[in-house]
Amino acid sequence: MMRTSYQKTLSILLTASAMTIIFSCDNKPSRVEQRKAEIRQQDSTDLASARHEMQEADSIIAFKEIELEDLKQGFVFEKQEKYQTMGYYVLPQHAGNKSKFKFFPEVEESGKLLLVNIDKQRRYTFTEIDLDKDDYTKQLPSNLSSKDTEAVAKCHALANTMHELDKAKKKKEKAEIKIRFYKEKKKDNHSNTKHYYTPIGH
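Residues numbered from 1 in each chain as written. Predicted model: local features only at pLDDT ≥ 70, side-chain atom pairs only at ≥ 80, totals over all residues. Heavy atoms only, no water.

Visitor: What is the right way to look at the side chain of E108 in this model?
Guide: You can see E108 is positioned in strand 3 (residues 103-108). K112 provides the closest opposite charge to the buried, unpaired E108, separated from it by 4.4 Å. Residues contacting E108, with those up to four places away along its chain left out, are M86, G87, Y88, L114 and M162. (Helix = DSSP H or I, 4+ residues; strand = E, 2+ residues; numbered from the N terminus. Buried < 20%, exposed > 50% of the residue type's maximum accessible area, 1.4 Å probe, protein only. Lys, Arg positive; Asp, Glu negative; His and termini not counted. Salt bridge = Lys/Arg side-chain N within 4 Å of Asp/Glu carboxyl O. Contact = heavy atoms within 4.5 Å.)

Visitor: What am I meant to see in the environment of Y136 here?
Guide: Looking at the element boundaries, Y136 is found in the loop between strand 5 (124-129) and helix 3 (146-191). For the pair Y136 and H156, spaced 20 residues apart in the sequence, the C-alpha separation amounts to 8.4 Å. With residues up to four places along the chain from it excluded, the contact list for Y136 reads I129, V152, A153 and H156.

Visitor: Would you mind going over unusual backbone geometry with me for this structure?
Guide: Outside of glycine, negative phi angles account for most residues, and trans bonds account for most peptide bonds. The residue R122 is not glycine, and still its phi comes out positive at about 65°. If you trace the backbone, R122 turns up in the loop between strand 4 (113-118) and strand 5.

Visitor: Teacher, can you tell me more about the sheet that holds strand 1 (residues 76-78) here?
Guide: With respect to topology, five strands assemble into an open sheet ordered 1-2-3-4-5, the strand pairing being antiparallel. Two strands close off the open sheet at either side, each with one partner strand: strand 1 and strand 5. Adjacent strand axes in the sheet meet at a mean angle of 35° when their direction is disregarded. In terms of strand pairing, strand 3 meets strand 4 through five bridges, oriented antiparallel. Within strand 4, the residue paired with F103 across the bridge is N117. (Pairing = 2+ DSSP bridges. Axes fitted to C-alpha atoms, helices over the stretch in contact; angles between N-to-C directions.)

Structure (structure tokens):
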């Protein structure tokens, strides 16, 4: 009799324990759902970051465009339509006939800063300055006169502004792509969330 009572009690306890485990599992989010929530949170953070990047790029673009137009006032734009696909910004003293110079700097309309050397046979040699390096002066010939060094500095200011403007535009473009991506992903996630239980009468 005691054994039967003990077995019943044990059975009740085991059943209650099993029900508790089942109830606990039913109310605990699955690992898959937890991971989905983590991804949604990360996407939301990345979207906010992309929006901030776009706003930052917009500010830089607005400032650099004004700065660029001001700098262009000190240059002459030259382009020989028959022979050149690109035009060049040169300082007023270097505009026109170049044969009287041995050296002069110029800025390609794409933003490249070029140092032009002309030898005795009137052959032209072009050296491009790397605008991504912090100290461009280390790339200059050591025998430049103070006048030529000043001319290069003015051309560098123009080229660097064009370069910074181009980088800001590319940064904005990348940010816009990210924003479109995360918006579409959010839209897709929302449309894929379905309620499988439909109340009677609906």
